[in-house]
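# Reading the structure
The lines below spell out each chain.
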Amino acid sequence: MRNVLIGITGAIAAYKTCELIRQFKHTGDQVKVVITENTLQFLGKKTLETLSGNIVYLDQFREKGSTEHISLVDWADVFVVAPASANTISKIADGIADNLMTSVACAYLGHKKPFVVVPSMNTGMWENDIVQENLKKLENAGVYIIEPEYGFLACGVEGKGKMPEPSKIYKETLEFLAKKLPLTGKKIVITAGGTKEYIDPVRYITNASSGKMGLALAESAHKLGADVTLVSTFSHNAPYKVLEVASACDMLDVVKAEFENSDYLIMAAAVADYRIENPKTQKITKENNETLRLELVKNPDILKSIAENKKLNQKVIGFCLATENLLECAKSKLEAKKCDFIVANEAEKSLGKDDTEIYIISKSDETKHFENISKKQAAVKILELLYD
Ligand SMILES: Cc1cc2nc3c(=O)[nH]c(=O)nc-3n(C[C@H](O)[C@H](O)[C@H](O)COP(=O)(O)O)c2cc1C
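Residues numbered from 1 in each chain as written. Predicted model: local features only at pLDDT ≥ 70, side-chain atom pairs only at ≥ 80, totals over all residues. Heavy atoms only, no water.

### A look at the packing of aromatic side chains
A complete count under the given rule lists six aromatic pairs for this structure. Pairing Phe79 with Tyr108 gives two aromatic rings, centres 5.4 Å apart and planes at 65°, and the pair type is edge-to-face. Linking Phe79 in strand S4 (residues 78-84) with Tyr108 in helix H5 (residues 100-110), this pair joins segments that are 29 residues apart in sequence. A single burial state applies to Phe79 and to Tyr108, both of which are buried. With 5.7 Å between their ring centres and 80° between their planes, Tyr108 and Phe115 make a pair best called edge-to-face. The two residues Tyr108 and Phe115 agree in class, both being buried. Put simply, the rings of Phe79, Tyr108 and Phe115 pair up and form one aromatic cluster. The residue whose ring lies beneath Lys32 is Trp75, and the NZ or CZ to ring-centre distance is 4.6 Å. (Phe/Tyr/Trp six-rings, centres within 6.5 Å; stacked < 30°, edge-to-face > 60°. Helix = DSSP H or I, 4+ residues; strand = E, 2+ residues; numbered from the N terminus. Buried < 20%, exposed > 50% of the residue type's maximum accessible area, 1.4 Å probe, protein only. Lys NZ or Arg CZ within 6 Å of the ring centre and 35° of its normal.)

Here it is in structure tokens:
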């Protein structure tokens, strides 16, 4: 599921974009629509709100203190302007940001996020050298241009300028995203959640891990084009493969099998160090048992056993959670377990929380520090290690 921001300008083909919104929605994507004042000459807000399921974004000064031109940029995985008028194309190419559409475009270009522009206009406007130069500027800045087609135009002439059918725009956008996304073609295994070590069939020992970091990693990796397998200790509906496991031993088996043909492993799960030596096959009852003694044995070290045996082209990122001496603990773990990077986080600042503070330590002892960031932002920083 992607977050698709669709921009519609004041051009006659605007009505066709209603169908484009439906196509993205139909495949499970979230859609938000940004328009210009002139778009309202061609389309009503109500139609766009109903189709997208969201408010329509037009006025950049809508709310006091609001910075929608930035929050929309952060939200979107791709920005598709269709139809893009000669006017808006030229404004964006010149760095003009005088309405919400062009302000979003300006920030979007700066962030180098996937940007698709679908020019649509009268042949004379299309053949104007200045418009062509401006399109070239956008292309050089990394924007993907879907060229207009030849045909009968609304102004009554026959020529180039017609907006392609929504199905073509949809398909080309997905193809562009697949090429543009840095983890396309990469297989990644990510673990999440605290393992469950059963005492008897109905009771287990676990820990306070929420699995939020692993989930954020899986979602971000999927959006970056990776073929994701999430090995998690809880069930989760996702557009990627999810394998549910309970204990550390289960997790080891599944991760081993999945990593065999994968490029990367990120061990974000909180794996129990110990398990019950002899879990009971029947529920333990309190009758005749005044005390209960549990004998624990050490669990296998998943991170170590996988990282030690990884192939040259494979990378492994481990996590280290501590309540004291965090950096020393993380560095010795990185060395002992032979992983490529270790992400260190303090229990108090991250366990079960939406936000976190992380230190990313590399084999060459470089440390990056990020504080007060969401787990989503942390996921992006961690995944950058795999393609930067
Ligand atoms: C009926 C009508 C149709 C128009 N169709 C287009 C068009 O297809 N493409 C285009 O670039 N401009 C077209 N224009 C001109 C734009 O609406 C005009 O340049 C406007 O300033 C664009 O505003 P915007 O880029 O802020 O949305 C059309 C104008 C009218 C009156």
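### Regarding unusual backbone geometry
With an omega of -10°, the peptide bond running from Ala82 to Pro83 counts as cis. The topology assignment puts Pro83 in strand S4. For Asn325, which is not glycine, the phi torsion reads 45° and is therefore positive. The residue Asn325 is located in the loop between strand S17 (315-322) and helix H12 (326-337) in this model. In the Ramachandran plot, Asp365 falls in the positive-phi region, its phi being about 65° despite a non-glycine side chain. Summarising the element assignment, Asp365 is placed in the loop between strand S19 (355-362) and strand S20 (367-374).

### Quick notes on the pattern of salt bridges
Any two side chains of opposite charge can pair, on the condition that their charged atoms come close. Per the stated rule, a full pass over the model turns up 22 salt bridges. Residue Arg2 is joined to Asp29 by a salt bridge in which the shortest nitrogen-to-oxygen separation is 3.0 Å. Of this pair, Arg2 sits in the segment before strand S1 (3-8) while Asp29 sits in the loop between helix H1 (17-26) and strand S2 (30-35), placing them 27 residues apart in sequence. The exposure class assigned to Asp29 is buried, which follows from its relative accessible area of 3%. Between Glu149 and Lys168 there is a salt bridge, with the nearest N and O atoms lying 3.5 Å from each other. Note that Glu149 is positioned in strand S7 (residues 149-152) and Lys168 in helix H8 (residues 166-180), a separation of 19 residues in sequence. A relative accessible area of 33% means that Lys168 is categorised as partly exposed. Here the salt bridges do not stand alone but share partners, grouping Glu149, Lys168 and Glu172 into one network. (Salt bridge = Lys/Arg side-chain N within 4 Å of Asp/Glu carboxyl O.)

### What to know about the environment of Ser210
As for its placement among the helices and strands, Ser210 is situated in the loop between strand S11 (203-205) and helix H9 (212-223). When residues no more than four places from it in sequence are discounted, the contact partners of Ser210 are Phe234, Gly352 and Lys375. In terms of polar contacts, Ser210 uses its side chain to reach the backbone amide nitrogen of Lys212, at 3.2 Å. (Contact = heavy atoms within 4.5 Å. Polar contact = N/O pair within 3.5 Å; in protein donor to acceptor, adjacent residues only side chain to side chain.)

### Thoughts on helix H14 (residues 375-384)
Residues Lys375, Ala378, Ala379, Ile382 and Leu383 constitute the buried set of H14. When H14 is viewed along its axis, its buried side chains cluster within an angular range of 130° and face the same direction. (Arc of directions from axis to C-beta.)

### Examining the site of the ligand
Around the ligand, 14 residues are found, and the nearest of them are Gly10, Thr36, Ser85, Ala86 and Thr88. One of the side-chain nitrogen or oxygen atoms of Thr36 is found 2.7 Å away from an oxygen atom of the ligand. Considered on its own, the ligand offers 630 Å² of accessible surface; in the complex 66% of this is hidden by protein. Looking at the shell around the ligand, the element that brings in the most residues is helix H4 (residues 86-93), giving three residues. Broken down by class, the residue content of the shell around the ligand amounts to six nonpolar, eight polar and no charged. (Near = heavy atom within 4 Å. Areas by Shrake-Rupley, 256 points an atom, 1.4 Å probe, with all protein chains shown as cover. Nonpolar A, V, L, I, M, F, W, Y, C, P; charged D, E, K, R; others polar.)

### Section: the domain arrangement of the protein
When the domains of the protein are assigned, the result is domain 1 (3-180) and domain 2 (187-384). One C-alpha centre belongs to domain 1, the other to domain 2; they are set 41 Å apart. (Domains from an automatic or database assignment.)

### What to know about the packing of helix H3 (residues 68-75) against H5
Contact geometry for H3 and H5: axes closest at 9 Å, N-to-C directions at 50°. Looking at the two axes, H3 sits oblique to H5. Our pair here, H3 against H5, has a crossing hand that is right-handed. For the pair formed by H3 and H5, the contact residues are Glu68, His69, Ile70, Leu72 and Val73 on the first element and Leu100, Ser103, Val104, Ala107 and Tyr108 on the second. Residue composition of the contact of H3 with H5, grouped by class: seven nonpolar, two polar and one charged. (Axes fitted to C-alpha atoms, helices over the stretch in contact; angles between N-to-C directions. Parallel < 35°, antiparallel > 145°, perpendicular 65-115°, else oblique. Left-handed = near helix turned anticlockwise from the far one by under 90°.)

### Notes on the sheet that holds S1
Ordered by their spatial adjacency, six strands build an open sheet running S3-S2-S1-S4-S5-S6, and the pairing between neighbours is parallel. Edge strands, defined here as strands with exactly one partner in the open sheet, are strand S3 (56-57) and strand S6 (144-145). In this sheet, S2 lies alongside S1 in parallel orientation, the contact comprising six bridges. Bridged to Gly7 within S2 is Val34. (Pairing = 2+ DSSP bridges.)

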